[in-house]
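Architecture and fold: a report
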Amino acid sequence: MLASLFDTYFRTPSNKQSEEGEIVGAALPHVTSDGKYHGRYPNSLLTLFYPYTLFRDVVLDQPVDVNDVPFFWHAHVSDEIPVKKVLKTCYGADLVELDTEEDVEKAKELKLLPSLASQERVGPGSLKEKLYNGQRKQPIVITSPHIREVAELFTQENMGRMLSFYRHPIDYDLHPNLKTKLPPDAVNNFMTRLLSDVHTGELGFKELGIAKQVIRQCTLSGTRDLMAESILRFGQYFGWVPTGGEGTKLSEETDNAIAKSCIDDILQSYPGERYADHNSPEWQAFYKANKMDCQLYELSRSTWRAQIQTIIPLTLQKQRAG
């Protein structure tokens, strides 16, 4: 019996007919020529989680592949501005800024990722200098507040690796182009609705589970009160050499010091996170209305702590991979 179940669900699909007349393996999810995941059943995991299936698992899929493309998802303006400044100033990054849905559609029409690959801005050809263990200077980073739409830009050849900052619902500073995505009556649990793509009606464990999976699996997670430490971790994870750094084995400590100093100098002029009195009646009402988004925030913080151990510098990823 166990062998039969294994053959049915886990072996490579073939055209062999089962006794009931169905094709063995037909229930397995597959990928069509357009890069989209589909499954026989509407709640199969790959179909349920699409388009986030085009993002790498930031922990399990290490070391970072040279063909992967960094994506900075900025849902909040007060995260977008300082992080973009750091990326450009401290790492010399070239940003592909897709701030509107029209920008994303144009990027699809122009076949953005194949174009970047042909220009050797991503892929093996983008490593112009032979730096230590695959590090790179002046990385290219796609940025946008539109996570689901941008996810569909990525392909199996050039998958996305997402970095983002999460904040408490009481401290939301939503990008103006996101505010128009949900109807006016969808005022609570905005992030859960956005990530699950359920804009109206009741939210349940399914929608919360999708949103949690995005944070846990697909995101290099940052928090506003730990922004400097988060960005430094992201840079080391991707193997970005800071402006003025050398990218050699001997310069690692010096390069980290250069990056940290630059990041700290920029972020000191930006406000920190706000906090609320959790004993007030106003807070109790707010929490009740936004319970799911509050859970997402707490998950993002626990993810940040877990990633102290799992999100490691690219140089170390390469060493461990051999």
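Refer to the preceding data block for the structure.
These notes cover the structure that comes with them. (Residues numbered from 1 in each chain as written. Predicted model: local features only at pLDDT ≥ 70, side-chain atom pairs only at ≥ 80, totals over all residues. Heavy atoms only, no water.)

For the bond from Tyr-50 to Pro-51, the omega torsion is 10°, close enough to zero to count as cis. Mapped onto the secondary structure, Pro-51 falls in the loop between α2 (45-49) and β3 (69-73). Cis geometry marks the peptide bond from Gln-62 to Pro-63, where omega comes out at 5°. Residue position: Pro-63 is located in the loop between α2 and β3. Although it is not a glycine, Lys-111 sits at a positive phi angle of roughly 55°. Structurally, Lys-111 is set in the loop between α4 (101-109) and α5 (112-118). Phi is positive for Asn-133, which is not a glycine, with a value near 50°. Inspection of the secondary structure assignment puts Asn-133 in the loop between α5 and β5 (140-144). (Helix = DSSP H or I, 4+ residues; strand = E, 2+ residues; numbered from the N terminus.)

With that settled, consider the environment of Asp-61. Within the element layout of this structure, Asp-61 appears in the loop between α2 and β3. Look at Asp-61 and you get partly exposed, because its relative accessible area is 29%. In this structure, the C-alpha to C-alpha distance between Asp-61 and Arg-161, residues 100 residues apart in sequence, is 9.8 Å. When near neighbours in sequence (up to four residues on either side) are disregarded, Asp-61 contacts Arg-56 and Arg-161. (Buried < 20%, exposed > 50% of the residue type's maximum accessible area, 1.4 Å probe, protein only. Contact = heavy atoms within 4.5 Å.)

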